[in-house]
Each structure stands twice: as structure tokens, then as C-alpha cells.
Amino acid sequence: MKQTPKPIVVFNYTDWCKICFGMKQTTFNNSNVIALLNKHFYFIKLNGEEKKHIRFLGNIFKYLPSGSNTGVHELTKALATNHKKIAYPTTTILNSNLEIDAQLVGFYNSKKFRKVLEKLL
């Protein structure tokens, strides 16, 4: 990132989310979307229920359990909270200064997703 600054696209998902699964199977398998992401962005898939610690921006983000077998990762909470709620999927786009430029809540097909990415370039 320091050598080649680019915006970061973070796809916040869970394993149980059918809409997330659909987006992974369609939008993120589209050759035009893949080419655009590879050329102009860093792309990260982040499981909102990830239990491993993640170091980002000099901080360590952890899993926050909220009951038996439920919880959310602090990084997902930081990146995907919109109006005090987290919805899955949420695709967060950070600019090269690591500030949130956009939060795309819900399913985006490849055509709509490409248009959003192209507007951010």
C-alpha cells in the first residue's frame, strides 16, 4: 500500500449469508469485475465472524462474542456499520488515505458493482 497506493475494497460477509454467497459466485467471479479490481484496487474478503486477530492501521482488531456461537469481528464492525447496524453483505471501499468512501449494503450484480467502482476511479 505504501509503494503502490490504491483504494481498498473490503467485502464483509458471513458463511451463513445466502446473499453473500450469491455475490461471491456471480459478481466476484465476473471477469470484468475481476480485471477492474486487480488493476485499480486491493480486494479483501472479510468474514464478519472471523475469530482471528487482524492487525490493521497499527491496531489489533478482535472477535467480539455476543452470545453462544454469535459475535462480530471488530474490523467488520468498524468497516460495515451503517446507521448503527451491520448488514451482510456490506462492501466497504476505502480510498488511498484509508478513509471510507462508500458502503454498499446488500447484493450488487456485476454491472451495478462495476459502475460504482468506475465512478470512484
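Calculation criteria
- Residues numbered from 1 in each chain as written.
- Predicted model: local features only at pLDDT ≥ 70, side-chain atom pairs only at ≥ 80, totals over all residues.
- Heavy atoms only, no water.
- Disulfide = S-S within 2.5 Å.
- Buried < 20%, exposed > 50% of the residue type's maximum accessible area, 1.4 Å probe, protein only.
- Helix = DSSP H or I, 4+ residues; strand = E, 2+ residues; numbered from the N terminus.

## Some thoughts on the state of the cysteines
Here a disulfide denotes a covalent bond joining the sulfur atom of one cysteine to the sulfur atom of another.
Point 1. Using the criterion set out here, one finds one disulfide in the structure.
Point 2. One disulfide in the model links Cys17 with Cys20; its S-S distance is 2.4 Å. Where Cys17 bonds to Cys20 through sulfur, the torsion about that S-S bond is close to 85 degrees, and the disulfide is right-handed.
Point 3. A residue is classified by how much of its surface remains accessible, and Cys17, at 6% relative accessible area, is buried.

## Here's the deal with unusual backbone geometry
Point 1. The residue after Tyr88, namely Pro89, is reached through a cis peptide bond having omega -5 degrees.
Point 2. If you trace the backbone, Pro89 turns up in the loop between strand 8 (85-86) and strand 9 (90-94).
Point 3. One non-glycine residue with positive phi stands out, namely His83, at about 55 degrees.
Point 4. Among the secondary structure elements, His83 is positioned in the loop between strand 7 (81-82) and strand 8.
Point 5. For His83, a relative accessible area of 75% puts it in the exposed group.
Point 6. Backbone geometry places Leu98, a non-glycine residue, at a positive phi of 65 degrees.
Point 7. The residue Leu98 is located in the loop between strand 9 and strand 10 (100-105) in this model.

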